[in-house]
Amino acid sequence: MASVSSDEWRAICDKFTNAQNLTVVDSQNDPDNDPFRSKYKARELLREIYCSLKSFEAGEGEEETGESGETVETGETGESGEQLPVEAPVDGQTEEAFSQGFCGDSPAGLRAAKLGAVEYYLGVNHVDTEELSAGQEHLMNCMKLLGKCRVSSENVSLFIHARNQLGILWAGRDETETAQGFLETAESIYQRYMKEDGSPPTDMADYFSTEENQLTHQERTKRFELAYTHTMYYLAQVYKNLGETERAAIYCHSTLQRQLKLNQFSPMEWALNAATLSQYYITKGRYMEGRHCLSAATVISGLAGEVPSEAAAQESETESERREQLRQKRAEIARCWIKYCLNILQDSKKLLEDSIGELDTDHTFDSIASLEEKVRCLLPMDFTEARAIFLVGQHYVTQAKEYFQMDGYVTDHIEILQDHSSLFRSLAFYEEDLDRRCKMHKRRVDMMEPVCMELNSKYYLMIRRQMMFELAETYNEMMDLKLTLANRQDETESLDNHTIKKFNNLCSASAKYFQMFLDSLCSPEGKQPEHLEEEVLRPALVARFRVARLYSRLICTSPPGQVENLDKSLEHYKYVVDYCDSHPEAVATVETELELSREMVGLLPLKINRIKAKIPANN
């Protein structure tokens with residue numbers, strides 16, 4: 001734009017600077033009843049800049065001949081209000097972007113880039129003020145202007161920024177595949193540019209900066225790399241929404257690494273994202289990567305500073321909010337550590353039970369090493385190794401419970417309790433001393449039983465059912481351990497009365513909680529459901545089966561008592577058989593239990609009759 005005087009150009013640059021300040025700084029202080037006041041003012045300045053650029057262009061002629069000899073218009077309608085296309089636009093022409101159109105440093109190329117930049121900023125402005133259709137129109141106008149140019153150092157940043165914004169816009173409309181097209185093209189443009197050129201590209205702000213205010217090469221590079229980091233971040237979300245979890249994890253990991261390298265991140269947000277990513281690696285059995293992410297999350301979260309004291313929080317609303325945020329997010333990171341410890345113990349248990357393969361642990365990470373060294377990433381093979389992992393998990397249980405307390409966070413608190421219980425259950429697998437193993441299960445009962453009894457079924461029915469079932473199973477495990485322990489201690493003699501009483505108490509407690517679970521399925525009038533919903537079908541039938549077995553295992557020296565217990569056992573076995581006969585779709589969910597139930601329905605009546613035959617007539 002050679003005809004523009006230095007004064008005129010400086011006025012445009014000043015308007016652009018004012019528009020940016022209004023958008024970034026002043027908008028933070030806009031009143032609630034006029035939340036977009038500063039952004040509307042910025043929009044007017046951008047429109048004025050656009051009109052000025054078009055008027056300068058008109059002075060030079062509105063047409064320019066491209067290298068192919070075609071006549072190409074250099075201006076766009078901008079504020080014309082043209083109708084948007086009915087279908088979502090398609091992107092992906094990377095090759096053409098590098099081979100066709102004006103050179104980026106030509107007068108026509110620079111003119112198109114500057115007009116495109118204004119369209120870009122207008123598009124972002126409209127999106128920020130929730131005018132999405134208008135925002136899309138401006139961003140597509142930017143794309144049309146860029147479509148006349150080859151990708152070069154003068155415009156590559158704008159190429160990527162525009163596609164990033166369109167990707168965000170379409171993703172927000174749940175048009176994930178359309179968003180994917182824009183973002184993958186942005187990725188391809190970045191990669192090809194870095195391969196073929198790689199020089200620090202012109203930043204969009206430089207289009208409207210006087211010579212003395214131009215960015216340094218270092219700052220240009222940093223901003224360009226940050227734009228591409230945003231591309232990676234948005235692609236991670238897109239792939240996650242498309243169900244491509246492995247790809248999403250790769251892009252998320254790369255995003256986190258780039259944010260650290262560029263020193264452009266919010267510590268707590270970054271830490272929470274890293275902790276969340278760890279959960280993906282954990283589910284894949286990739287414990288070294290999971291541990292690395294969690295260690296990094298813990299270290300980076302420390303950069304957010306100390307949690308404000310209660311006194312400071314009471315004096316300042318800002319400090320109060322900061323205290324709440326830091327405590328909550330650090331508690332959430334602690335919960336991710338709990339899952340890490342729990343999963344590695346459970347996977348090791350399965351490995352030892354199945355006697356299959358070993359982990360490949362060749363891949364290593366150097367950073368965050370001091371914290372990583374405190375936690376194993378290999379599956380534990382004995383009690384000592386398992387206990388070390390258990391203690392780490394228990395440490396984070398304590399940390400998480402400090403924030404997620406029963407008063408105010410009932411669901412979260414109980415989920416942490418359940419994880420703590422699962423940590424004990426997993427550790428018990430490695431304990432060879434049966435008495436100590438039984439005590440670990442008793443710890444589980446002690447932490448869950450009071451909470452289960454306190455919960456109101458009206459509000460926490462599903463959680464209470466989970467706890468009932470787990471308590472029933474825990475008492476059942478303790479019962480088996482006590483009996484095995486007693487048999488080991490005195491294999492030649494019958495059980496003493498104390499052992500029998502202890503065994504029967506555990507057996508009855510297990511049956512009680514299974515029955516409480518079954519009762520929770522009844523109507524308010526106490527009527528059993530004729531049809532079991534899918535989510536409770538297997539648990540309900542398994543509970544029936546377990547209660548049947550428990551009644552048959554009760555130790556009773558009185559024949560009438562034996563008959564009473566076996567009658568109850570038979571009743572529950574019959575329920576499983578009868579329900580599956582009348583609901584064939586249930587058979588597949590309890591094949592093993594059904595087979596055993598049919599067998600017991602045939603055998604128990606014979607056993608009951610034999611016992612009855614021994615009872616004297618006067619009884």
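Just so we're clear, the structure is a prediction, and the values are computed from it rather than from any experiment. (Residues numbered from 1 in each chain as written. Predicted model: local features only at pLDDT ≥ 70, side-chain atom pairs only at ≥ 80, totals over all residues. Heavy atoms only, no water.)

**Student:** Just checking my understanding: could you explain the overall build of the chain for this structure?
**Tutor:** Looking only at helices and strands, one finds 22 helices and two strands in the chain. Counting across all 619 residues of the chain, residues that qualify as buried make up 47%. The contacts in the chain between residues at least 6 apart in sequence include a share of 72% that link residues at least 24 apart. Carbon together with sulfur atoms contributes 47% to the accessible area of the chain, which is approximately 31600 Å² in total. (Helix = DSSP H or I, 4+ residues; strand = E, 2+ residues; numbered from the N terminus. Buried < 20%, exposed > 50% of the residue type's maximum accessible area, 1.4 Å probe, protein only. Contact = heavy atoms within 4.5 Å. Areas by Shrake-Rupley, 256 points an atom, 1.4 Å probe, with all protein chains shown as cover.)

**Student:** I keep staring at the packing of aromatic side chains and nothing clicks. Help me out?
**Tutor:** Applying the stated criterion across every chain, the model contains 26 aromatic pairs. Aromatic side chains Phe-469 and Phe-514 sit 5.3 Å apart centroid to centroid with 85° between the ring planes, which places their arrangement in the edge-to-face category. Placement of the pair is Phe-469 in helix 18 (residues 457-489) and Phe-514 in helix 19 (residues 497-519), with a sequence separation of 45 residues. For the pair shown, Phe-469 and Phe-514 are each scored as buried. Positioned over the ring face of Tyr-575 is Arg-544, at 3.9 Å from the centre of the ring. (Phe/Tyr/Trp six-rings, centres within 6.5 Å; stacked < 30°, edge-to-face > 60°. Lys NZ or Arg CZ within 6 Å of the ring centre and 35° of its normal.)

**Student:** Where do I start with the environment of Leu-272 in this structure?
**Tutor:** Structurally, Leu-272 is set in helix 10 (residues 267-283). Taking the C-alpha atoms as reference, Leu-272 lies 7.6 Å from Glu-332; in sequence the two are 60 residues apart. Each residue touching Leu-272, except ones within four places of it in the same chain, is listed here: Lys-329, Glu-332 and Ile-333.

**Student:** Explanation requested: the confidence of the model for the chain in the structure shown.
**Tutor:** Do not read the fine detail of predicted coordinates wherever pLDDT is low. Considering every residue of the chain, the mean pLDDT works out to 87; 88% of them sit at 70 or more. Of all secondary-structure elements in the chain, the lowest mean pLDDT belongs to strand 2 (residues 71-73), at 40, while helix 6 (residues 156-172) reaches the highest, 96. Residue range residues 61-87 is modelled with pLDDT below 50. Its contacts to residues more than four positions away, or to other chains, number 56 contacts. Contacts for the low-pLDDT stretch residues 356-367, under 50 throughout, to residues beyond four places or in other chains number 18 contacts. (pLDDT = per-residue confidence, 0-100.)

**Student:** Just checking my understanding: could you explain the side chain of Asn-476 for this structure?
**Tutor:** Mapped onto the fold, Asn-476 is located in helix 18. Not counting chain neighbours up to four residues away, the residues in contact with Asn-476 comprise Ser-510 and Leu-550.

**Student:** Please clarify how unusual backbone geometry should be interpreted in this entry.
**Tutor:** Of note in the backbone geometry, Glu-130 takes a positive phi value of approximately 65° without being a glycine. Checked against the element boundaries, Glu-130 lands in the loop between helix 4 (107-128) and helix 5 (132-146). When its relative accessible area of 63% is taken as the criterion, Glu-130 is described as exposed. A positive phi is found at Asp-174, a non-glycine position, where the angle reads about 65°. Position of Asp-174 among the secondary structure elements: in the loop between helix 6 and helix 7 (176-196).

**Student:** I keep staring at helix 6 and nothing clicks. Help me out?
**Tutor:** Note that an α-helix has 3.6 residues per turn; residues three or four places apart therefore point the same way. Between its terminal C-alpha atoms helix 6 stretches 25 Å, which fits the 24 Å expected from 17 residues at 1.5 Å a residue. With 14 of 17 residues buried, helix 6 lies mostly within the body of the structure. Immediately downstream of helix 6, the backbone of Asp-174 shows phi near 65°, a positive value. (Expected span 1.5 Å × (residues − 1).)

**Student:** Which parts of the structure should I look at to understand the packing of helix 4 against helix 6?
**Tutor:** Packed helices, taken two at a time, are described by their axes: the angle between them and the distance between them. In contact at an axis separation of 11 Å, helix 4 and helix 6 are set at 25° when each is read in the N-to-C sense. Between helix 4 and helix 6, the interaxial angle falls into the category roughly parallel. Considering the relative orientation of helix 4 and helix 6, their crossing is left-handed. The segment helix 4 lies against helix 6, with Ala-113, Gly-116, Ala-117, Tyr-120, Val-124 and Val-127 engaging Leu-158, His-161, Ala-162, Gln-165 and Leu-169. (Axes fitted to C-alpha atoms, helices over the stretch in contact; angles between N-to-C directions. Parallel < 35°, antiparallel > 145°, perpendicular 65-115°, else oblique. Left-handed = near helix turned anticlockwise from the far one by under 90°.)

**Student:** Sorry if this is basic, but what is going on with the environment of Thr-245 here?
**Tutor:** Turning to its location among the elements, Thr-245 is positioned in helix 9 (residues 245-262). In sequence terms Thr-245 and Tyr-280 are 35 residues apart; their C-alpha atoms lie 8.2 Å from each other.

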